[in-house]
Amino acid sequence: MNLKKYTDYSLRVLIFTGLKHGEERARIKEISDVYNISQEHVRKVVHDLVKRGLIESTRGRGGGIRLAKPAHEINVGMLVRDLEQDFALLECFDKGVNHCVISPGCSLKHVINKALGAFFKVLEEYTLEDLIHNEEELKALMGLST
């Protein structure tokens, strides 16, 4: 199972932005440079995160982005669930394309579905605050001054 790059980039933008304090703002170019992601990709992710109410954006001189709510209120599992729309891990999860002859009696789909539920249960135990608890280490890895 792979998460989409979009989900990965969204989490990285939130992590970077979560390392800013007070009125300090992150900038798209700064995020792009640190993660080596195109500015256009970052811009799209930022736009979506603004629409979701997770970050706020200010244009112009001194502008940038910052969290729209405290890091402890941003649940990782809920965000991943919202961003990832396709969890049809097996053909039989999608009745429209299921052609497996053993599907009616197969237990594999139940095992995989249970594992998927456990995956989300673990992710939902974490917030953005948990992902940035090692702030100094993250800043050092990103080459940011502390």
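Residues numbered from 1 in each chain as written. Predicted model: local features only at pLDDT ≥ 70, side-chain atom pairs only at ≥ 80, totals over all residues. Heavy atoms only, no water.

So, on to the environment of P70. Its location among the elements puts P70 in the loop between β2 (64–67) and α4 (76–83). Spatially, the C-alpha atoms of P70 and I55 are 9.9 Å apart, while their sequence positions differ by 15 residues. (Helix = DSSP H or I, 4+ residues; strand = E, 2+ residues; numbered from the N terminus.)

Pairing of strand β1 (residues 55–58) with β2, which is carried by 4 bridges, proceeds in the antiparallel orientation. Each bridged residue has a counterpart across the sheet, and for S57 the counterpart in β2 is I65. Two successive antiparallel strands, β1 and β2, enclose a turn made up of 5 residues, where G60 displays a positive phi of approximately 90 degrees. (Pairing = 2+ DSSP bridges.)

It is worth spelling out the pattern of salt bridges at this point. Evaluated as defined, the whole model comprises 10 salt bridges. One salt bridge connects D33 with K29, and the closest N-O pair in it is separated by 2.9 Å. You can see D33 and its partner K29 sitting in helix α2 (residues 28–35), 4 residues apart, about one turn around the helix. Connected through shared salt-bridge partners, K20, E24 and E30 make up one network. (Salt bridge = Lys/Arg side-chain N within 4 Å of Asp/Glu carboxyl O.)

So, on to the environment of E84. As for its position among the elements, E84 is in the loop between α4 and α5 (108–123). Looking at E84, the relative accessible area reads 6%, which means it is buried. Separated by 80 residues in sequence, E84 and K4 place their C-alpha atoms 7.2 Å apart. If we skip the residues at most four places from it in the chain, E84 touches N2, L3, K4 and T7. Within polar-contact distance, the side chain of E84 engages the side chain of T7 at 2.6 Å. (Buried < 20%, exposed > 50% of the residue type's maximum accessible area, 1.4 Å probe, protein only. Contact = heavy atoms within 4.5 Å. Polar contact = N/O pair within 3.5 Å; in protein donor to acceptor, adjacent residues only side chain to side chain.)

Among the structural elements, N36 can be located in the loop between α2 and α3 (39–51). Spatially, the C-alpha atoms of N36 and H47 are 19 Å apart, while their sequence positions differ by 11 residues.

Confidence along the protein chain averages 91 in pLDDT terms, with 99% of residues attaining 70 or more. For the protein chain, α5 is the element with the lowest average pLDDT, namely 90, and helix α6 (residues 128–131) is the one with the highest, namely 98. (pLDDT = per-residue confidence, 0-100.)

Among the nonpolar cores identified, the biggest contains 34 residues, and V13, L14, I31 and L128 are the most heavily contacted of them. For this core, the secondary-structure elements that each account for two or more residues are α1 (5–18), α2, α3, β2, α4, α5 and α7 (135–142). Of the residues forming this core, the biggest block, 6 residues, is contributed by α1. Summarising the domain contributions, this core has at least three residues from each of domain 1 (1–74 + 127–146) and domain 2 (86–126). If we ignore the near neighbours within four places in the chain, the residues touching I31 are V13, F16, T17, A26, V42 and I65. (Core = buried A, V, L, I, M, F, W, Y, C linked by side-chain atoms within 4.5 Å. Domains from an automatic or database assignment.)

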